[in-house]
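Spelled out, the chains give:
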Amino acid sequence: MPRTRLEPRFQVEYLSILDSEGNLDAALEPDLPDADLKRLYHWMVLARRLDERMVRLQRQGRIGTFAPIKGQEASQLGTVACLSPTDWMVPSFRETAAMIWRGWPIEKLLLFFSGHLEGGQPAPDQHDLPITIPVATQIPHAVGLAYAAQYRGDDAVVMTYFGDGATSEGDFHEALNFAGVWHVPVVFVCQNNQWAISVPLKKQTHSRTIAEKAHAYGFPGIQVDGNDVLAVYAAAREAVERARRGDGPTLIECVTYRLGVHTTADDPTKYRSAEEVAEWERKDPLTRFTAYLQKRNLLEEGLEDRVDAEIAEAVARFEALPPADALTMFDHVYAELPPHLRAQRESLAQRLRDGAPAGEETRPASPPMRGQRTTDR
Amino acid sequence: MPRTRLEPRFQVEYLSILDSEGNLDAALEPDLPDADLKRLYHWMVLARRLDERMVRLQRQGRIGTFAPIKGQEASQLGTVACLSPTDWMVPSFRETAAMIWRGWPIEKLLLFFSGHLEGGQPAPDQHDLPITIPVATQIPHAVGLAYAAQYRGDDAVVMTYFGDGATSEGDFHEALNFAGVWHVPVVFVCQNNQWAISVPLKKQTHSRTIAEKAHAYGFPGIQVDGNDVLAVYAAAREAVERARRGDGPTLIECVTYRLGVHTTADDPTKYRSAEEVAEWERKDPLTRFTAYLQKRNLLEEGLEDRVDAEIAEAVARFEALPPADALTMFDHVYAELPPHLRAQRESLAQRLRDGAPAGEETRPASPPMRGQRTTDR
Amino acid sequence: MVKALNLALRQEMERDADVLVIGEDVGVDGGVFRVTEDLHRTFGGRRVIDSPLAEAAIVGTSIGMALYGLRPVCEIQFSGFAFQCFHQFENHAARYRMRTQGRFHVPLVVRMPFGGGVRALEHHSESEEQFYAHVPGLKMVIPSGPRNARALLLSAIRDPDPVIFFEHKALYHASREEVPEEPETLPLGQAQVVREGSAITLIAYGAMLRVAQEAAETLARDDRVEAEVIDLLTISPLDRETIVGSVTKTGRAVIVHEAPRSFGAGAEIAASIMEGAFLSLEAPIRRVAAYDVPFVGFARERVNVPDAARVLAAARETLSY
Amino acid sequence: MVKALNLALRQEMERDADVLVIGEDVGVDGGVFRVTEDLHRTFGGRRVIDSPLAEAAIVGTSIGMALYGLRPVCEIQFSGFAFQCFHQFENHAARYRMRTQGRFHVPLVVRMPFGGGVRALEHHSESEEQFYAHVPGLKMVIPSGPRNARALLLSAIRDPDPVIFFEHKALYHASREEVPEEPETLPLGQAQVVREGSAITLIAYGAMLRVAQEAAETLARDDRVEAEVIDLLTISPLDRETIVGSVTKTGRAVIVHEAPRSFGAGAEIAASIMEGAFLSLEAPIRRVAAYDVPFVGFARERVNVPDAARVLAAARETLSY
Ligand SMILES: Cc1ncc(C[n+]2csc(CCOP(=O)(O)OP(=O)(O)O)c2C)c(N)n1
Ligand SMILES: Cc1ncc(C[n+]2csc(CCOP(=O)(O)OP(=O)(O)O)c2C)c(N)n1
Ligand SMILES: [Mg+2]
Ligand SMILES: [Mg+2]
């Protein structure tokens, strides 16, 4: 056998069900009860309105920098909707839609983005990890959770989120390789929104698709229209079932677009054209899904208003919260407070008794994730 | 376009020219002048005999732990032979054959493995990096060298070596991804010798081949019979020419086998069977190449003796070298000696004047790379 | 300070074709803090490289370029993400000169924004200088203002050895100062006495210098006590001569840094003073630093990052010891 | 010490089904130093995991397991390769408790062989404890012999927080001692006075303890001076009470470690003594450590790693100060 071709074990597929005009490939339409479709839509609208509201709150200096999700609602909700509460969700820093679906109270997200660690605390019964900021570093945690679930014999699937840029990090590679060798129940969701801050996909990797990177680890990858919630849902359900069956990991590449800023400290006009954005606005996942539900007569009156009210109440609850108690910073370093921290806690307590300012200065600085604005605006 | 298959951009090929009986696929036989074939053979024999000699030296406590190459001579020489002196060679820790081909004096290797940094010093005109011990960490250096060569407009190709285990490290992934995006003249040579110490390939990655991992980075990968020096040479020449033409990187997977211990501190009987080793001994690259040259009448009388003499002289030169001068440890920390190091150097000088023992204790401990033996033998 | 750093990069790139810039978003975008603004336009994408998102490869490939003879200036977007490439610093950047006995060296500069007080999220507010200071073969530099930032960056780029260059986020725009057009350098490894005094020595660097100076001004105004203030500028190699010289004169010292107190840079400074000025010491050397806790969230950051009041309190206790 | 560590692992795995072992070559091969010998045979490949060659994923996936409620014990084959996973320690292992305000914590142990004097190659001879000691949220433990190694490893596994556990290569086989069959623990964060004395305090850990003890014996024999010797056992959180208490009594101290001197753990110990026992100090605290150079090659290692002669010299200078 001199120079022979080795047949590939996998092929890369591209899945799309609902095109940008809302036209349907009926053959592939997932059999979702009307109630579920309405539910999905409700959360898509909520996610969109919340995102817009948060941008305003940030501009008003009422919360700090955060990473908007506008345009990525279908990628997040189509995938997370396939999980049960006992499954695990491991987000990065741009999963507002997935997080609220998983039960994170809106006011907690607002707390988080205004510098309160309390905002990062999942509920006791919640199987979610908190927001992770270092790109790709959460992916091995997801694989470890999946290994532990399998080890304990629990029927749990782990789903983790990351971006196109994250695929360049060593942690992405190492984690997916472990997942392939261990054959654990994990679903990797890459939201390929075309940009890593100012770096376009073509500068990020020379691979034609992100989906095919899965083959390097011996499991399937699929590329799906990430603005098509039905396609995303179908692909994710397939992957979650595969994982639950014990047939191992899947990498899902959701081809989508970040319609907004990278973070509220970012200025995208520096690196991408209005035309490009406009073109993707025509592919907006929300308009598309609306058109589809319209045809199926599943749109509900006054949904926006109800959603806005829901958000307004959360914002009110958030702003009614008491200021941070500085002394609690020592409570969660270790299970028990070692002597040097006891002493440091005492000296801080003394400083506060002596009138040291506990809270933050109320200047409207707007900080990083992406950061130049912190200091010149 | 609902659910469509994306045609793969690359396919994985397997290349083999000379089988284990020395039978040839004449169609693929590279047109190598007799002189070059003889030269290759000379170095293969030298590498084999040197390796065996070094194991004996280590057992006698005359050098420290090192990583033998027995069985991997064809993978190393078939690839390195495609480089010109102005090209760059970036080794890991198991490239004795490639290193001596590139002009590393044998006594320097011996010095290195007896704990003298002098052994890691390339000659002024030598375009080689020294041995790198942390697995995969040298791969990004190779990519950076290739970028620099391209940036300067120099006609240089970079070749870097690593093992199957190295492909699991984040640095492997990040470096190959950069190389794909930058399209730089680099050839990645993976010596897949089936084992990473005690970890077999199937526990290392679930990917069917290592070669196909290249596709995740958008460049070709090829799998070759790493014990077939002609096939290795053909694949490497193709890759080096591609790089020199400006057509970017290649990943070459040499399927070979470590016939000896991982390092002289390793005991392979703990993790692999005598049968497996015996089976691979039948595929020995040296016997195979010998048979081929035999048929072509290119074997030279007394080569072994000449090679052994060459080695003996180098060992003699090595053992005649003066003991290490402890004070030089301060010479190469920075270009200039900062005050605190000047003071430390002076205090060491004083200690030595006061009779502190400069050299190492002469106990025959045999240390890691792989290390348990250091302390119990 | 942003403009001063940008000026240093631009002038060095004009002067030396081997200098190039690499990092995440340093090109078209001009860097998330705008330090590399417009360099891409002037020098093009091959010299101002928008890299993929991978710190270890940014530093690892830059080491390769430096070994080849180029002078790469990397940007790690935030110092909190530099642990991803720490092995490339410790395993290689710091060691190639030694490993090859001088045949190769690594003329590399790695710029990183660090420090808190800018209402930033986790990993965007920490101070990690100590980790680099403990690695022989690396140099660790932290400017305190536009002019010395520009001069030190010039020196760092021209230095034949790897330099970790920390830029404090709070100084990027807050700190303004005249910077001469013609290139200036400052020697690495030398601290500066920025305020003369005889009663006590306050030692700081980065954004803490301003804090120390404020405390010194209050001491002069309210306590009629003249404090000497030292701006370290280079953390490692540490300029023990200047520090010890000052404390030998004053007999008292307070060290200020933003990093957690325990096992921090302040410990080395204190130990070095004790070794060098033992008989002159009138009081224990005090360290004013962050508490030994992980990131506390910016809602609580203000009580954790040292301020003038804390330095003042420590100084007064030291003075009345 | 190898057998003692193996015993601790075996007994904890028998006691608690949530304890598992993961690392490179820890399974079939029993670890390159044989610390996990036979565990694979007893507990199988799902509990004793031969991982792929990737430190960040070994620690990263272990963090995930720990968050789930398991108690993974990782082995990093040599401490010199742990910078590859340092970001997982600093970004995550040390922070999840804080980040989630106690909802999650990381009961993780990471074992690593460290230290020199075993004629090993580069990255196989270094001492990196300082890097871990400076990370709030981590604990840094270094036993000095078989019995305390076994007891401390037991405590580390049962500890709810992440523990970095350094095992000195030179002690693996050289150091022999009776280890009782029934489980023993030792509290983390507590140093031990292993030799009582009133004239000077010698502070050491790991393989340097033996060196300090030798020096103490010589002092007693030749100088008629009784040195107190402290075995730190836990580097962080540092047991300042024991250290300061001793030096308050003796007034003199010498600290010994293998890591490079500058910005090393010795600096924190010295600074803490100075803060806690200032008025008792009769002489400057001395540090005996490796020089501030990268790996020197084992042909030169002997003059770099502290030995009894250097400790003795430092102690005598301190005593005659
Ligand atoms: C390890 C690390 N390096 C750098 C950063 C700074 N940073 C935050 S988001 C981002 C881009 C991420 O791109 P991508 O993975 O595509 O996710 P997206 O922001 O597009 O959702 C960068 C570079 C970080 N958070 N972590
Ligand atoms: C980063 C790192 N981790 C662990 C080690 C210890 N180690 C040395 S060689 C080796 C196995 C390498 O396997 P492979 O890459 O297949 O190369 P081979 O030894 O088979 O030539 C290991 C784990 C190391 N040197 N570097
Ligand atoms: Mg993106
Ligand atoms: Mg191998």
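Our structure's up above, just so we're on the same page.
Here is what the cut-offs are and how they apply
Residues numbered from 1 in each chain as written. Chains lettered and ligands numbered in written order. Predicted model: local features only at pLDDT ≥ 70, side-chain atom pairs only at ≥ 80, totals over all residues. Heavy atoms only, no water. Contact = heavy atoms within 4.5 Å. Buried area = accessible area lost by both parts, 1.4 Å probe. Salt bridge = Lys/Arg side-chain N within 4 Å of Asp/Glu carboxyl O. Polar contact = N/O pair within 3.5 Å; in protein donor to acceptor, adjacent residues only side chain to side chain. Helix = DSSP H or I, 4+ residues; strand = E, 2+ residues; numbered from the N terminus. Near = heavy atom within 4 Å. Areas by Shrake-Rupley, 256 points an atom, 1.4 Å probe, with all protein chains shown as cover. Nonpolar A, V, L, I, M, F, W, Y, C, P; charged D, E, K, R; others polar. Donors = N, O, S within 2.8 Å, 3.2 Å for Na, K, Ca; no water. Buried < 20%, exposed > 50% of the residue type's maximum accessible area, 1.4 Å probe, protein only.

Peer 1: Please clarify how the interface of chain D and chain C should be interpreted in this entry.
Peer 2: In this assembly, 52 residues from chain D lie in contact with 52 residues from chain C. Between chain D and chain C lies a buried interface of about 4600 Å² when both sides are counted; carbon and sulfur atoms form 63% of it. Of all residues in chain D, D:His134, D:Phe263 and D:Phe278 bury the most surface against chain C, accounting for 18% of the area lost on that side. Put simply, chain D and chain C have 12 salt bridges between them. With a shortest N-O distance of 2.9 Å, D:Arg95 and C:Glu126 are connected by a salt bridge. Counting across the interface, chain D meets chain C through 26 residue pairs in polar contact (both at pLDDT 80 or more). In terms of residue count, helix 11 (residues 265-277) of chain D provides more of the side of chain D that touches chain C than any other element does, eight residues in total.

Peer 1: Please explain the site of ligand 2 as it appears in this structure.
Peer 2: The full set close to ligand 2 counts 21 residues, and B:Arg94, B:Asp164, B:Gly165, B:Trp195 and D:Glu55 are the nearest of them. Among the chains of the assembly, those with residues near ligand 2 are chains B and D. Measuring from a nitrogen atom of ligand 2, one finds a backbone N or O atom of B:Val135 at 3.0 Å. B:His262 is positioned with one of its side-chain polar atoms (N or O) 3.4 Å from an oxygen atom of ligand 2. Here ligand 2 has 580 Å² of accessible area as a free molecule, and 97% of this is covered by the chains. In terms of residue class, the shell around ligand 2 is built from 10 nonpolar, six polar and five charged.

Peer 1: Explain the coordination of the magnesium ion (ligand 4) to me, please; I cannot follow it from the model alone.
Peer 2: Each donor-metal-donor angle in an ideal tetrahedron of four donors is 109.5 degrees, and each such angle in an ideal octahedron of six donors is either 90 or 180 degrees. All names here are of chain B. The magnesium ion (ligand 4) binds to the protein through Asp164 (OD), Asn193 (OD1) and Trp195 (O); the donor distances cover 2.0 to 2.1 Å. Counting residues between consecutive donors of the magnesium ion (ligand 4) along the chain gives the motif D-x28-N-x1-W. Remark: Trp195 occurs in strand 6 (residues 195-196) and Asp164 occurs in the loop between strand 4 (158-163) and helix 6 (170-182); sequence separation between them is 31 residues. Of the two residues examined, Asp164 and Trp195, each falls in the buried class.

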